[in-house]
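Structure at a glance
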Amino acid sequence: MKILKKIGGICLMIVAVILSFVLLITCFKTVFDCIREINKNTSEGIGYTLGCLFMIVLVILLIRFMFKRSLKLIRTNPQTEDSIDDIGV
C-alpha cells in the first residue's frame, strides 16, 4: 500500500508541475488579452479581466493543493522505536 501512495504522490507532483508551467505560459497571454479588452473601454473588458484573474487564482490554489497532497503522500512517516531501556519498566 505504501508503494501505491508513493506512485500516486509522484504522479500528482508531475501533474502539478505541468500545470504550473501551463499556468505560467497562459498567464502572459491572458495579461495581454486583458489589456487589449480594457483598451476597448467596454464593460466586457472589465468582466473578462475579472474572470481571468478569478480563474488564475483558482488554478493557483489547485496547484498548491496538489503539491501539498503529493508531498504528504511521498513522505514516509518515521516509525518510533522503543529503546531497550524502556522495555519492562
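Because the structure is a prediction, the values reported are computed rather than measured.

**Digging into the overall build of the chain**
For the chain, the count of helices and strands is 2 helices and 0 strands. At a minimum sequence separation of 6, the contacts of the chain that also span at least 24 residues come to 79%. As displayed, the chain has an accessible area near 7600 Å², and 71% of this comes from carbon and sulfur atoms.

**Observations regarding the layout of surface pockets**
There is about 270 Å³ of room inside the largest pocket. Lining the largest pocket we find 11 residues, and of these Lys-2, Lys-5, Arg-75, Thr-76 and Asn-77 sit closest to its centre. Among the elements of the structure, helix H1 (2–39) and helix H2 (43–74) are those that each provide at least two residues to the lining of the largest pocket. Looking at the lining of the largest pocket, its residues break down into 3 nonpolar, 3 polar and 5 charged.

Basis of the calculations
- Residues numbered from 1 in each chain as written.
- Predicted model: local features only at pLDDT ≥ 70, side-chain atom pairs only at ≥ 80, totals over all residues.
- Heavy atoms only, no water.
- Helix = DSSP H or I, 4+ residues; strand = E, 2+ residues; numbered from the N terminus.
- Contact = heavy atoms within 4.5 Å.
- Areas by Shrake-Rupley, 256 points an atom, 1.4 Å probe, with all protein chains shown as cover.
- 1 Å grid on protein atoms, 1.4 Å probe; cavity = no way out; pocket = protein on both sides within 12 Å on 5 of 7 lines; lining within 4 Å.
- Points joined across faces, edges and corners; volume = space filled by probe spheres on them.
- Nonpolar A, V, L, I, M, F, W, Y, C, P; charged D, E, K, R; others polar.

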